[in-house]
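# Fold and geometry: a report
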Amino acid sequence: MENTKVLVIGGSRNIGYYSAVRLLALGATVTFLLRSPGVFDQDETIQNYVKKGKARLIQGDALVKNDVSRAWSEAQHHQGDDSNSRPVDFLIFTVGGTPHFSLTKGATIIPPNLVTQSLLNVLETLPSPHPKIITISSAGLTRASHKSLPLLLKPIYSYLLSFPHKDKCGAEEAIAHSAGWEWDLRDSPGDEILGADWMNRVPTGELKSIVVVRPAMFTDGECRADVKGKGSEAYRVKEGDLKSSWTVSRKDVAHFLVEGVVRHWEEWEGKCVSIAY
């Protein structure tokens with residue numbers, strides 16, 4: 001992947017970070033859009049790649065369209081060298097807020113449409129040719145997906161996670177519209193999340209190079225797939241919904257993003273995929 005260019009939005013921690021480190025180890029050049037690039041000041045792994053010119057840290061906010069547009073431009077160039085300008089190969093989109101919990105509302109994020117509006121900015125500023133896009137969503141978002149959840153998890157998803165999942169539903173609806181996928185309007189979070197004019201901001205049915213990954217409930221456990229000889233057998237993946245989908249570690253999701261989706265793009269392109277243990 002020596003000549004592969006990747007833009008990571010939402011890569012300061014968790015899945016975006018773990019995926020980026022894997023891609024850097026494979027030789028890719030990774031550009032991070034970060035609200036606070038200082039988050040990596042003490043990160044020796046990232047700093048080593050910065051010194052080699054393989055990791056690039058761009059300050060900006062995915063909620064600001066001009067910042068996203070600038071990130072695309074920076075990711076195409078190499079340290080301002082126009083002679084090395086080349087399209088971005090992959091976008092890894094893993095934006096997610098830090099949840100705040102209350103007894104009355106469960107988990108909330110600020111702003112409540114963080115993921116949706118960030119993704120709309122991405123889709124509105126897509127360069128041509130379009131890069132291959134991988135986005136992280138969640139199991140149990142839609143009515144159909146919720147039915148496949150284990151019984152004991154349904155109240156957690158319905159109550160504790162209802163607000164952040166409403167935001168992710170908006171992101172999935174924007175993707176469905178852009179990719180020409182079917183979408184049940186009963187799952188729409190409405191204008192409060194998407195905005196009144198959102199359809200005018202994104203492609204209509206032409207976005208084919210995209211994969212949506214719906215993980216089960218996250219854990220901070222180890223990457224089971226890195227255990228010698230285990231590989232992708234450490235977790236289950238399936239187009240559509242998975243039965244008995246309890247948990248999966250963020251590190252294993254990152255393993256699938258890179259070793260599964262990026263390295264075997266033709267197998268997963270244009271699909272919504274679930275992952276769980």
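Residues numbered from 1 in each chain as written. Predicted model: local features only at pLDDT ≥ 70, side-chain atom pairs only at ≥ 80, totals over all residues. Heavy atoms only, no water.

This part takes up the overall build of the protein chain. Each helix and strand in the protein chain was counted, giving 10 helices and 12 strands. Computed over C-alpha atoms, the radius of gyration of the protein chain comes to 18 Å, within 12% of the 19 Å expected from 2.2 N^0.38 for 277 residues, which places it in the range of a compact globule. Considered along the principal axes of its C-alpha atoms, the protein chain spans approximately 55 × 50 × 35 Å. Counting the 277 residues in the protein chain, one finds 52% classified as buried. Looking at the protein chain alone, contacts between residues at least 24 apart form 76% of all its contacts between residues at least 6 apart. On the protein chain, roughly 12,900 Å² of surface is accessible, and the fraction owed to carbon and sulfur atoms is 49%. Here the protein chain contributes 32 positive and 32 negative side-chain charges, whose respective centroids are spaced 5 Å apart. (Helix = DSSP H or I, 4+ residues; strand = E, 2+ residues; numbered from the N terminus. Rg over C-alpha atoms; globule rule 2.2 N^0.38 Å. Buried < 20%, exposed > 50% of the residue type's maximum accessible area, 1.4 Å probe, protein only. Contact = heavy atoms within 4.5 Å. Areas by Shrake-Rupley, 256 points an atom, 1.4 Å probe, with all protein chains shown as cover. Lys, Arg positive; Asp, Glu negative; His and termini not counted. Charge placed at Lys NZ, Arg CZ, Asp CG, Glu CD.)

Once that is clear, we can look at helix α9 (residues 250–262). Between the first and last C-alpha of α9 there are 17 Å, a value that for 13 residues agrees with the 18 Å anticipated at 1.5 Å per step. Helix geometry: α9 is bent most strongly at Phe256, by close to 25°. Of all the residues in α9, the buried ones are Arg250, Asp252, Val253, Ala254, His255, Phe256, Leu257, Val258, Gly260, Val261 and Val262. (Expected span 1.5 Å × (residues − 1). Bend = angle between axes of the 7 residues up to and from the residue.)

Residues Val30, Phe32, Ile134 and Val213 are the most contacted members of the largest nonpolar core, which totals 41 residues. In this structure Ile134 touches Phe90, Leu91, Ile92, Phe93, Val211, Val213, Leu257, Val261, Val262 and Trp265, once residues within four positions along its chain are discounted. Core analysis: the next-biggest nonpolar cluster, separate from the first, contains 33 residues, Val68, Leu123, Leu126 and Ile133 among them. (Core = buried A, V, L, I, M, F, W, Y, C linked by side-chain atoms within 4.5 Å.)

Here we take up the sheet that holds strand β8 (residues 210–215). The strand order across the open sheet formed by eight strands is β3-β2-β1-β4-β7-β8-β12-β10, and the pairing between neighbours is mixed. The sheet is open, and its two borders are formed by β3 (55–59) and β10 (236–239), each paired with just one other strand. The sheet shows a mean angle of 20° between the axes of neighbouring strands, taken without regard to direction. This element, helix α4 (residues 114–124), spans β1 (5–9), β4 (90–93) and β7 (132–136) of the sheet and lies at about 165° to β4. Where helix α7 (residues 162–179) meets the sheet, it contacts β7 and β8, and its direction lies at approximately 150° from that of β8. (Pairing = 2+ DSSP bridges. Axes fitted to C-alpha atoms, helices over the stretch in contact; angles between N-to-C directions.)

This next bit is on the state of the cysteines. All told, the structure shown has zero disulfides when counted by the stated rule. Summary of cysteine pairing: Cys272 is not part of a disulfide, and the nearest cysteine sulfur, belonging to Cys169, is at 11 Å. Residue Cys272 is classed as buried on the basis of its relative accessible area, which comes to 16%. (Disulfide = S-S within 2.5 Å.)

Per the stated rule, a full pass over the model turns up six aromatic pairs. An angle of 70° between the planes, with centres 5.9 Å apart, marks the rings of Tyr17 and Tyr18 as edge-to-face. Judged by centre distance (5.3 Å) and plane angle (80°), the rings of Phe256 and Trp268 are edge-to-face. In this pair, Phe256 sits in helix α9 while Trp268 sits in helix α10 (residues 265–268), placing the two residues 12 residues apart along the sequence. Each member of the pair, Phe256 as well as Trp268, carries the same accessibility label: buried. Taken together, the ring pairs in this structure connect Tyr17, Tyr18, Phe32 and Phe40 into an aromatic cluster. The ring of Phe90 has Lys132 sitting right over it, with the charged end atom 5.5 Å from the ring centre. Of note, Arg224 hangs over the ring of Tyr277, and the distance from its end group to the ring centre comes to 3.6 Å. (Phe/Tyr/Trp six-rings, centres within 6.5 Å; stacked < 30°, edge-to-face > 60°. Lys NZ or Arg CZ within 6 Å of the ring centre and 35° of its normal.)

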